[in-house]
Amino acid sequence: MNKTNLEYRLNRMTELNKKWNLKMVHPLILNYKIPVDLFLQFKMNLKLYISKALNIDFIENDKRFLIMVEKKRSYRKNVTPNGAIVPKRDYNLEYNLVLKKWCEIVKDLSKKNPSILNYFRMTPNIRVKFGNELKDNVKRGLNTSHPHSDAWVEGPWGMNCFFPILGDYKRNNLKFYEPKVFNENFLTRAPSYLDMQWVMKNYKAINFTPKLGNLYISDYAMIHNTHRKKNSKVRVSIDSTVFVDKYNIPPKSRIKEYRKIIPYLGIEEIIDSGQYQDQKYSEKKGVYSHYTSRSIRSIKI
């Protein structure tokens, strides 16, 4: 690469902004406004999925639904310490409905120039972030409340997708940090976010609040963390990853989560969660793997 690492990333975001007709909210963050009908369909499917996973009644009213979710903060059967809702066969239909709409969102996002999408993570993290941190997450090295880059677990060249869907986005959201100076060593892989906190002296927080119904693409050079203000309440969001150039190849430990071509779920294939609700969710294969990597599989139709 002839250009400096940061210059390349900035130019890459500028090109992606043009080719996908997005909105640039920061030199390293792009905004895609999800069409209203598609967003409402996705939100409906997501609420059905969460209702099954948390063993609560489905409630159409968002405020009442979130009150029920908040009451289940101690329900840990299908929830990781970091707030991810784990897919299980007991609600596999609802999971596939979520993934189907997620694929439709990615297709709409990239429709202006689909050929530049190298890979996207088809099985995004579906997170419930409560107003107060779950106790068993506080001391975890991979707690997303620690400022971090996904490069520290996935390698340096990916792009985050963050999509807030429901809840208290004004007080419970992602906080982003931009580099004051930049060095490639800031994006080295590490087994714990705590091992990389020395990087933060080279970063400063930006004044930016992601809004509901929008998907934000940020370069791995932007550091972020879950940030809760006083009296915050529950937030529901999606986070995933896209790779858009020759440097963008997912790590081998997570390649099964990614696709080059956006599939037609329910027509060409379905996703099997590979585990039941009475089972504890599968442990990771390794520190750099995902909580679905050991169990999830695709079934061709």
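Residues numbered from 1 in each chain as written. Predicted model: local features only at pLDDT ≥ 70, side-chain atom pairs only at ≥ 80, totals over all residues. Heavy atoms only, no water.

(A) Looking closely at the overall build of the chain. Each helix and strand counted, the chain has 5 helices and 13 strands in total. Taking 2.2 N^0.38 as the reference for a compact globule, 301 residues should give roughly 19 Å; the C-alpha atoms of the chain span a radius of gyration of 18 Å, in line with that estimate. A principal-axis box enclosing the C-alpha atoms of the chain has dimensions of 55 × 45 × 35 Å. The burial tally for the chain puts 58% of its 301 residues in the buried class. For the chain, long-range pairs separated by at least 24 residues make up 81% of all intrachain contacts whose partners lie at least 6 apart in sequence. Carbon and sulfur atoms make up 52% of the accessible area of the chain, which amounts to about 13,700 Å² in all. Taking the 55 positively charged and 28 negatively charged side chains of the chain as two groups, their mean positions are separated by 3 Å. (Helix = DSSP H or I, 4+ residues; strand = E, 2+ residues; numbered from the N terminus. Rg over C-alpha atoms; globule rule 2.2 N^0.38 Å. Buried < 20%, exposed > 50% of the residue type's maximum accessible area, 1.4 Å probe, protein only. Contact = heavy atoms within 4.5 Å. Areas by Shrake-Rupley, 256 points an atom, 1.4 Å probe, with all protein chains shown as cover. Lys, Arg positive; Asp, Glu negative; His and termini not counted. Charge placed at Lys NZ, Arg CZ, Asp CG, Glu CD.)

(B) Spatial organisation of the nonpolar core. Grouped together as the largest cluster of nonpolar side chains are 82 residues, with contacts concentrated most on Trp-102, Phe-163 and Ile-217. Contact partners of Ile-217, with chain neighbours within four places excluded, come to Met-13, Leu-16, Trp-20, Leu-22, Leu-28, Ile-29, Leu-30, Leu-109, Met-159, Asn-160, Cys-161 and Val-242. (Core = buried A, V, L, I, M, F, W, Y, C linked by side-chain atoms within 4.5 Å.)

(C) Structural context of unusual backbone geometry. The backbone of Asn-21 shows a phi angle near 55 degrees, a positive value even though the residue is not glycine. Note on placement: Asn-21 falls in the loop between helix H1 (5-19) and strand E1 (23-26). Residue Asn-21 is classed as exposed on the basis of its relative accessible area of 56%.

(D) Spatial organisation of helix H2 (residues 36-54). In this model H2 runs 27 Å from its N-terminal to its C-terminal C-alpha over 19 residues, within 8% of the 27 Å that 1.5 Å per residue would give. Turning to H2, the residues buried within the fold contact strand E2 (29-33), helix H3 (62-70), helix H4 (92-109), strand E4 (125-129), strand E5 (159-167) and strand E10 (235-243). Residue Asn-55 follows H2 closely and has a positive phi angle near 60 degrees. (Expected span 1.5 Å × (residues − 1).)

(E) Spotlight on the pattern of salt bridges. Applying the stated rule across the entire model yields 20 salt bridges. A salt bridge links Asp-245 to Arg-12; the nearest nitrogen and oxygen atoms lie 3.3 Å apart. Of the two residues, Asp-245 is situated in the loop between E10 and strand E11 (258-259) and Arg-12 in helix H1; the sequence distance between them amounts to 233 residues. For the pair shown, Asp-245 and Arg-12 are each scored as buried. By sharing partners, the salt bridges in this structure join Arg-9, Arg-12, Asp-219 and Asp-245 into a single network. (Salt bridge = Lys/Arg side-chain N within 4 Å of Asp/Glu carboxyl O.)

(F) Quick peek at a positive patch on the surface. Taken together, the side chains of Lys-23, Lys-33, Lys-170 and Lys-211 define a basic patch exposed on the protein surface. The topology assignment puts Lys-33 in strand E2. On the basis of relative accessible area, Lys-33 is assigned to the exposed category, the value being 54%. (Patch = residues over 30% accessible without salt bridge, like charges linked within 9 Å, V, L, I, M, F, W, Y side chains within 5 Å.)

(G) Summary view of the packing of aromatic side chains. Taken as a whole, this structure holds 12 aromatic pairs when the rule is applied. Consider the rings of Phe-186 and Trp-198, whose centres lie 6.0 Å apart with planes at 70 degrees: the pair is edge-to-face. Taken together, the residues Phe-186 in the loop between strand E6 (172-179) and strand E7 (203-205) and Trp-198 in the loop between E6 and E7 connect sequence positions 12 residues apart. Residue class for Phe-186 comes out buried when judged on its relative accessible area of 6%. Each residue in the set Phe-182, Phe-186, Trp-198 and Tyr-203 is aromatic and connected to the rest through ring pairs, giving one cluster. Against the face of Trp-157 rests Arg-9, its NZ or CZ located 4.1 Å from the ring centre. A cation over an aromatic ring shows up here: Lys-72 above the ring of Tyr-75, its NZ or CZ 4.3 Å from the ring centre. (Phe/Tyr/Trp six-rings, centres within 6.5 Å; stacked < 30°, edge-to-face > 60°. Lys NZ or Arg CZ within 6 Å of the ring centre and 35° of its normal.)

(H) A look at the sheet that holds strand E9 (residues 223-228). The sheet built from 3 strands is open, its strands ordered E7-E6-E9 with antiparallel pairing. The sheet is open, and its two borders are formed by E7 and E9, each paired with just one other strand. The mean angle between the axes of side-by-side strands here comes to 35 degrees, regardless of whether they run parallel or antiparallel. Bridge analysis of E6 against E9 gives 6 bridges, and the strand direction is antiparallel. Opposite Tyr-177, over in E9, you have Ile-223 as the bridge partner. (Pairing = 2+ DSSP bridges. Axes fitted to C-alpha atoms, helices over the stretch in contact; angles between N-to-C directions.)

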